[in-house]
Amino acid sequence: MHTSTPYVLEVRPKIPARLARLEELANNLWYSWDLPTRDLFSHIHRNLWEAIGQNPKAFLRSVDEQCLIAASEDHVFLEHYNRTLAAYDTYHTKPVRNSHTEGFAESDLIAYFCAEFGFHESFPIYSGGLGILAGDHCKSASDMQLPFVGVGLLYRQGYFHQTIDADGNQNAVYSDSEFESLPISPVLYEDGSAVHVSVDLPGRSVKIKVWQARVGNVTIYLLDTDLEENSQHDRAITHHLYGGGKTMRIEQEIVLGIGGVRALGAIGLQPSTWHINEGHAAFMVLERMRTLIAQNMNFLSALEAVAAHTVFTTHTPVPAGHDHFNHDMMMSYFENYYPQLKISRDEFFALGYASDSPDFNMTALAIHCSRFQNGVSRIHGTVSSKICAEMWPEIEPEENPMSYVTNGVHMPTFLAKEWSEVFVRFLGWDWSQHMADVSFWEQIDSIPDHQFWSVRETLKSRMLQLVRHRISKQHFRNHGSEAHLDRILKYADPANPNILTIGFARRFATYKRATLLFADLGWLRQILGDAERPVLFIFAGKAHPADIPGQDLIRRVTEISRMPEFEGKILMLEGYDLRLARRMVAGVDVWLNNPLYPLEASGTSGMKAAMNGVLNLSVLDGWWDEGYDKGNGWAIKPVSEFLPVEQRDREESRTLYELLQDQVIPTYYNYNKMGYPEEWVKMSKRSIATLLPSFNSTRMVGEYVAKAYLPATRQYRKYCENHFAGARQVADWKNAVRRAWPGVTIRRLGTPQHSITFRDGVHVEVAVNLNGLKPADVVVELLIAYKSSKEKLKQGMRYPFTPQGDDNKTGEHVFSLDLTPELCGKLEYRIRVYPHHEMLTHPLEMGFMRWL
């Protein structure tokens, strides 16, 4: 038999003139949250649309031309097409100025750096929660018409496709994306040539191509090293998301941070606010400082100029989760770079110093070189303020600059279309304009209970159709029989969606405790053994390919699901992706989340479920600690984090079983004469009314605007105008404070009074040795609170002292206060002094304080 050479020839269809703007729709990720746009492509050829992974650009390259011609002659399709284009044009031609953009000048720009962005399953440059959150952040920035760009890496391989074999083993399958099928295009100069920048790595220069993706009204710039000019090793830097070891990680982060700054400069963009979303992009601050120092600015002034308009968000709840690189590796990559900052080797490494490790810490770098820092929930903000407390060594964690902005999710992406239709009918056509208006959502009670329940059942039925399809495919690939499949899918019946369905879908990391449900199999058998009140548990999620304990959890879930008493009642789905996620968060009855407190920085899947009327059953950690109100779901109160993990699992699994047995299952199956569970519907409505307006990404991005973006923009103007005069002034002042502060002392003058009558005054005087500083360089302050108060720093009242001149004998400065307490009872007060300058971004940003 003769061998032959196969040749590939791609024949692309010609799009009819009447449908020419399909390409425009396919090249804007607006389709990722606009269902009518996706439906448009599906109507042309539904089977191909599903087979191609709902990728509009790939679809237009593959569809038969006759299908396009037929669509162009179909009046029903053309009506849908024109309506979609009208909505698209309206969205993209809103007035430039609105309430969200007030305070920004025409030249202002927010640059948002992140290692991954998750917009839609057709654009696989993300891994998990961080990427989906970044995608939602960008989508809301588009909705709000903010002056905003994103910067990331363009990976050939993003997240992996997961299969699970008959024994529960996870298999990771990677495939390279074809850039021609992604909604991206090269960034071009005016002469039509592609924008390229470069970064220096040990012994060579790496070329980077800059691509762009349109996300509604904003642009995401993506960096690509897979170029012929680069070596095979360097071409692979942007090949795989979080791929390789430390060497690949530091190279990716140099490309993202340093290359990203250079890319924006090459395009001609000058951001007024820079946002580092997690520490991966923190090298960006070095490049921005290097650029200023090349313009004859000293290092400390450049640091202040850069930090004043830099925002840093940490998503990591444990110190070990922060990126760090050893000194030898850092010297290998930066030995020719740091001298350009005009600092010594020791000064360079001090930028990334953290006491828990000798390594260069990326979180420390981000904090040292930013003035706006936040965690991603109230609990996580508190945890982060403690983890990062050494960055402000003399400040108590509850007072240091680490704040929080609780995450949110993009409502148009994750709210099921059935709810949109119901909301238009009962809440008004403009309901989406009231997304963050808590009082508006009280109107949800106007939706008749039976119609509300009908929507919930419809969404569950639609989800179960996809579940059956995925399970069947998985089952037959693993050589299962059709008779056995019927037993497995007994309760996953779209025609009978009246069975309580509980979902657990997320990354399989050990701290998320996917198997907490199986802590007492005897008790679980009892709960699931009631034939009159059946329960279906659906598990889905991926473990990192290097996370063996996480993969063991998947095997354990699979093993339990195969036991005869649990068969058909517990399902483990493979291939968790955004499409399955959208179906599950809308379709299950209960969203189960039981992380080990306080390791859930925020969590967002429960927010997506809540806005669809799903009830959360979750540990009070992350966002749920803020969202739970005793009537919109159920809470597992965590036991002390100082107890052994085994004991914590035992205690919290008991609470889980009790809630399932005593509350969740009885409430669901308590049907009234109308055929629905009245109390359940009440809780489900409350879930939407209380959680949708508070945990959407429009609220989240609006909070970033108010707390960080606008203040950072104002600081940028103050520090950078008149050739950075403000930055130089603050740098010189801080330098003087650092030199003087070790000698600053405070002592009390006179004898303290111990008892007074209400409305009487107390005169307090202190003497402060300023060691060369001026009285205007400090604040002397008295804090007073009830003696029993546990949070005296947060709840106490503050009174500033007034300088009275210096004591000629001691050289100290005298400060006095005439205090008339506004409280009665046993009070406790303390006196302190700390540096002060009117241009500081945060009053305690220097981390210096002296207490009397």
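Residues numbered from 1 in each chain as written. Predicted model: local features only at pLDDT ≥ 70, side-chain atom pairs only at ≥ 80, totals over all residues. Heavy atoms only, no water.

Some details on unusual backbone geometry
Both trends apply: most residues other than glycine have a negative phi, and most peptide bonds are in trans. Here is the rule we go by: Helical segments are the DSSP runs of H or I of at least four residues, strand segments are the runs of E of at least two, and each set is numbered from the N terminus.
Residue Pro598 follows Tyr597 across a cis peptide bond; omega there is 0°. Here Pro598 is to be found in the loop between β18 (590-593) and α23 (605-610). For Asn296, which is not glycine, the phi dihedral falls at a positive 70°. Among the structural elements, Asn296 can be located in the loop between α10 (284-293) and α11 (299-307).

Comments concerning the sheet that holds strand β27 (residues 827-835)
Test applied: What makes two strands pair is DSSP finding at least two bridges between them.
Spatially, the four strands line up as an open sheet ordered β24-β23-β27-β28, and their pairing is antiparallel. Because the sheet does not close on itself, it has two edges, and the strands there are β24 (797-800) and β28 (850-851). Sheet topology places strand β23 (residues 778-786) next to β24; four bridges connect them, and they run antiparallel. Residue pairing in the sheet places Leu782 in a bridge with Tyr799 of β24.

With respect to the pattern of salt bridges
Rules: Counted as salt bridges are all cases of a side-chain nitrogen of Lys or Arg within 4 Å of a carboxyl oxygen of Asp or Glu. Note on exposure labels: buried denotes an accessible area under 20% of the residue type's maximum, exposed denotes more than 50%, and partly exposed covers the range between, all computed with a 1.4 Å probe on protein chains only.
Applying the stated criterion across every chain yields a total of 46 salt bridges. For Glu253, the salt bridge identified is with Arg249, shortest N-O distance 4.0 Å. Of this pair, Glu253 and Arg249 both sit in helix α9 (residues 246-267), four residues apart, roughly one helical turn. Here Glu253 falls in the buried class, since its relative accessible area comes to 2%. For Glu399, the salt bridge goes to Arg832, with nearest N and O atoms at 2.6 Å. Here the residue Glu399 occupies a position in the loop between α15 (378-387) and β14 (402-404), and Arg832 occupies one in strand β27, the gap between them amounting to 433 residues. For the pair Glu399 and Arg832, a shared accessibility class is recorded, and that class is buried. Residues participating in the shared-partner salt-bridge network are Glu10, Arg12, Arg61 and Glu178.

Structural notes on α9
The following threshold applies: One less than the residue count of a helix, multiplied by 1.5 Å, gives the span that helix is expected to have. By definition, a residue's bend is the angle between the axes fitted to the seven residues ending there and the seven starting there.
Between its first and last C-alpha, α9 extends 30 Å over 22 residues, near the 32 Å set by a 1.5 Å rise per residue. Of all bends in α9, the biggest is about 35°, found at Gly259. A positive phi of about 95° marks Gly268, the residue just after α9.

Some thoughts on the environment of Lys734
We apply this condition: Residue contacts are defined here by distance: any two heavy atoms, one from each residue, within 4.5 Å place the two residues in contact.
Counting through the fold element by element, Lys734 comes out in helix α27 (residues 697-740). Put simply, Lys734 and Asn47 are 687 residues apart on the chain and 65 Å apart in space, counted from C-alpha to C-alpha. Every residue in contact with Lys734, bar those within four places of it in the chain, is listed here: Glu304, Arg371, Leu840, Glu845 and Met846.

Examining the packing of aromatic side chains
Put simply, the rule reads: Stacked, tilted and edge-to-face are the three classes applied to pairs of Phe, Tyr and Trp rings, where Trp contributes its six-membered ring and a pair requires centres within 6.5 Å; stacked means planes under 30 degrees apart, edge-to-face means over 60, and tilted covers the rest. Throughout this description, the term charge over a ring refers to an Arg CZ or Lys NZ atom that lies within 6 Å of the ring centre and within 35 degrees of the ring normal.
For the structure on display, the rule yields 42 aromatic pairs. Ring plane angle 70° and centroid distance 4.9 Å describe the contact between Trp623 and Phe695, whose orientation is recorded as edge-to-face. Of this pair, Trp623 sits in the loop between β19 (615-619) and α24 (624-627) while Phe695 sits in the loop between α26 (678-691) and α27, and the two are 72 residues apart along the sequence. Note on accessibility: Trp623 and Phe695 belong to one class, buried. Through pairs of rings, three or more aromatic residues link up here, namely Phe283, Phe334, Tyr337, Tyr338, Phe348, Phe349 and Phe360. In this arrangement the basic side chain of Lys542 is found over the ring face of Phe160, its NZ or CZ atom lying 5.0 Å from the centre. Between the NZ or CZ atom of Lys707 and the centre of the ring of Tyr404, over which it lies, the distance is 5.1 Å.

A word on the pairing of strand β15 (residues 500-505)
Rules: Handedness of a crossover is defined as follows: with both strands directed away from the viewer, a clockwise route from the first strand across the helix to the second makes it right-handed.
A large share of β15 lies buried, amounting to six of its six residues. Side chains Leu500, Ile502 and Phe504 of β15 all project onto a buried face; the interleaved residues Thr501, Gly503 and Ala505 project onto the opposite face, where all are buried too. Pairing of β15 with strand β16 (residues 535-540) involves six bridges; the strand directions are parallel. Residue pairing in the sheet places Leu500 in a bridge with Val535 of β16. Running through helix α20 (residues 521-528), the crossover from β15 to the neighbouring parallel element β16 is right-handed. Looking at chain direction, β15 and β18 are connected through two bridges and run parallel.

Examining the environment of Gln663
Test applied: Whenever a nitrogen or oxygen atom comes within 3.5 Å of another N or O atom, the pair is scored as a polar contact, on the condition that within protein one atom can donate a hydrogen and the other can accept it, and that pairs from neighbouring residues in sequence are kept only if both atoms are in side chains.
Positionally, Gln663 belongs in helix α25 (residues 645-668). Residue Gln663 is classed as partly exposed on the basis of its relative accessible area, which comes to 37%. In contact with Gln663, other than residues within four places in its own chain, are Trp634 and Glu658. Within the structure, Gln663 has its side chain in polar contact with the side chain of Trp634 (distance 3.2 Å).

Examining the side chain of Thr698
Checked against the element boundaries, Thr698 lands in helix α27. With relative accessibility at 17%, the residue Thr698 sits in the buried group. Once residues lying within four places of it in the same chain are set aside, the contact partners of Thr698 are Ser140, Met144 and Met435.

Regarding the state of the cysteines
What counts here: The disulfide criterion is simple: two cysteine sulfur atoms within 2.5 Å.
Across all of its chains, the model carries zero disulfides by this definition. Just so you know, Cys720 is unpaired, no disulfide at all, and the nearest cysteine sulfur is the one on Cys369, 15 Å from it.

Considering the nonpolar core
For clarity, the cut-off: Buried Ala, Val, Leu, Ile, Met, Phe, Trp, Tyr and Cys residues that are joined via side-chain atoms within 4.5 Å together make up what is termed a nonpolar core.
If you look at the biggest cluster of nonpolar residues, it comprises 174 residues, and the most contacted ones within it are Phe283, Leu286 and Phe348. No other element matches the 17 residues that α27 contributes to this core. Those residues in contact with Leu286 that lie beyond four places of it in its chain are Phe334, Tyr337, Leu341, Phe348, Leu351 and Leu365. The next biggest cluster of nonpolar side chains, apart from the first, holds 100 residues, and it includes Met435, Leu500, Leu615 and Trp634.

Here's the deal with the environment of Ile164
Relative to the assigned elements, Ile164 resides in strand β3 (residues 161-164). Overall, Ile164 belongs to the buried group, its relative accessible area being 1%. Separated by 229 residues in the primary sequence, Ile164 and Pro393 have C-alpha atoms spaced 49 Å apart. Here Ile164 is in contact with Asn169, Gln474, Arg477, Asn478, Ile554, Thr558, Met572, Leu573 and Glu574, once residues within four sequence places are set aside.

So, the packing of α25 against α26
Worth spelling out the cut-off: To obtain each axis, a line is fitted to C-alpha atoms, and for helices this fit is confined to the stretch in contact; angles are then taken between N-to-C directions over 0 to 180 degrees. Here roughly perpendicular refers to angles of 65 to 115 degrees, roughly parallel to angles under 35, roughly antiparallel to angles over 145, and oblique to all remaining angles.
Two elements in contact, α25 and α26, have axes separated by 7 Å at closest approach and are oriented at 105°. Relative to α26, the element α25 is oriented roughly perpendicular. Together, Val664, Thr667 and Tyr668 of α25 and Glu679, Trp680 and Met683 of α26 make up the contact between the two elements.

A look at the packing of α11 against α27
Convention followed: Crossing handedness is read from the near helix: turned anticlockwise from the far helix by less than a right angle, it gives a left-handed crossing, and turned clockwise, a right-handed one. Throughout this entry, Asp, Glu, Lys and Arg are counted as charged residues, while Ala, Val, Leu, Ile, Met, Phe, Trp, Tyr, Cys and Pro are counted as nonpolar. The remaining residues, Gly among them, count as polar.
Viewed as axis vectors pointing N to C, α11 and α27 meet at an angle of 115°, and their least axial separation amounts to 8 Å. In this view, α11 runs roughly perpendicular relative to α27, as classed from their interaxial angle. Remark: the crossing between α11 and α27 carries right-handed chirality. For the pair α11 and α27, the contacting residues are Leu300, Ser301, Glu304 and Ala305 in the first and Tyr719, Cys720, Phe724, Ala727, Arg728, Val730, Ala731, Lys734, Asn735 and Arg738 in the second. Here the residues of the contact of α11 with α27 are counted per class, giving eight nonpolar, two polar and four charged.

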